Amino acid sequence: KDVRSQFWETYEVVAGEVDSEFLERYNGDIDIIPTFAGLFSAVTTSFIIASQPNSEDTTNALLTQLILLVANGTSAPQSITLPQPAGYSSSNVWAQSLAYASLLLSLFAAFGAILGKQW
């Protein structure tokens, strides 16, 4: 065998070892990313839900109106005024925007990890 063929055979063996180590290391890392992204998304979603405006008053008023409609039969019930929602402060809008952005980025990270794993 000449020197060139020996070089390429050695290169193939060494490159195969380095590539397999690289794939093992990053394959394990890619397995972890969707787990943490999912946990982060769940926590972010709970914060988003907790920071939503309270709609219980509107729901209670509409349920009361339905009960009165059923109780009165076909006659029209008394009109019930629905509570007006309070305005949003700029800091609340800013915090909500950041929460939705972090949720979106977390889901994109999980999606990217899954695409990388399948590739």
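Presented here is a report on the structure given in the accompanying data block. (Residues numbered from 1 in each chain as written. Predicted model: local features only at pLDDT ≥ 70, side-chain atom pairs only at ≥ 80, totals over all residues. Heavy atoms only, no water.)

**Concerning the overall build of the protein chain**
If you tally the helices and strands in the protein chain, you get three helices and zero strands. Taken from N to C terminus, the helices and strands of the protein chain fall in the order α-α-α. Looking at the protein chain residue by residue over its 119 residues, the buried ones come to 9%. Intrachain contacts of the protein chain at a sequence separation of at least 6 include 73% that bridge at least 24 residues. For the protein chain, the accessible area works out to roughly 9,800 Å², and carbon and sulfur atoms hold 67% of it. (Helix = DSSP H or I, 4+ residues; strand = E, 2+ residues; numbered from the N terminus. Buried < 20%, exposed > 50% of the residue type's maximum accessible area, 1.4 Å probe, protein only. Contact = heavy atoms within 4.5 Å. Areas by Shrake-Rupley, 256 points an atom, 1.4 Å probe, with all protein chains shown as cover.)

**Considering helix 3 (residues 90-118)**
Helix length check: helix 3, at 29 residues, gives a terminal C-alpha distance of 42 Å against a target of 42 Å (1.5 Å per residue), a fit within 8%. Its buried side turned inward, helix 3 meets helix 1 (3-50). (Expected span 1.5 Å × (residues − 1).)

**Concerning the packing of helix 1 against helix 3**
It is the contact of helix 1 with helix 3, at a shortest axis distance of 9 Å, that shows an interaxial angle of 155 degrees. Considering their axes alone, helix 1 and helix 3 lie roughly antiparallel with respect to each other. With respect to the hand of their crossing, helix 1 and helix 3 are arranged in left-handed fashion. A class-by-class count of the residues in the contact of helix 1 with helix 3 yields 14 nonpolar, eight polar and two charged. (Axes fitted to C-alpha atoms, helices over the stretch in contact; angles between N-to-C directions. Parallel < 35°, antiparallel > 145°, perpendicular 65-115°, else oblique. Left-handed = near helix turned anticlockwise from the far one by under 90°. Nonpolar A, V, L, I, M, F, W, Y, C, P; charged D, E, K, R; others polar.)

**A few points about a nonpolar patch on the surface**
A contiguous nonpolar patch, built from Leu104, Leu105, Phe108, Phe111 and Leu115 and spanning about 540 Å² of accessible area, is present on the exposed surface. Locating phenylalanine 108 in the fold gives a position in helix 3. (Patch = residues over 30% accessible without salt bridge, like charges linked within 9 Å, V, L, I, M, F, W, Y side chains within 5 Å. Salt bridge = Lys/Arg side-chain N within 4 Å of Asp/Glu carboxyl O.)

**Some remarks on helix 1**
Here helix 1 contains 48 residues, and its C-alpha end-to-end distance of 70 Å stays within 8% of the 70 Å for a straight helix at 1.5 Å per residue. When helix 1 is considered as a whole, its buried residues turn out to be Ala37, Ser41, Thr44 and Ile48. The secondary structure elements touched by the buried residues of helix 1 are helix 3.

**Some thoughts on the environment of serine 89**
In this structure, serine 89 sits in the loop between helix 2 (56-72) and helix 3. Polar contacts involving the side chain of serine 89 include one to the side chain of serine 91, which spans 3.2 Å. (Polar contact = N/O pair within 3.5 Å; in protein donor to acceptor, adjacent residues only side chain to side chain.)

**Points about the side chain of serine 106**
Inspection of the secondary structure assignment puts serine 106 in helix 3. Within polar-contact distance, the side chain of serine 106 engages the backbone oxygen of alanine 37 at 2.9 Å. Beyond its immediate stretch of four places on either side in the chain, serine 106 contacts Ala37, Phe40 and Ser41.

**Topic: the side chain of threonine 44**
Tracing the chain through its elements places threonine 44 in helix 1. Relative accessible area serves as the criterion here: at 7%, threonine 44 is assigned to the buried category.

Bear in mind that shape data such as this cannot, by itself, settle questions of function.
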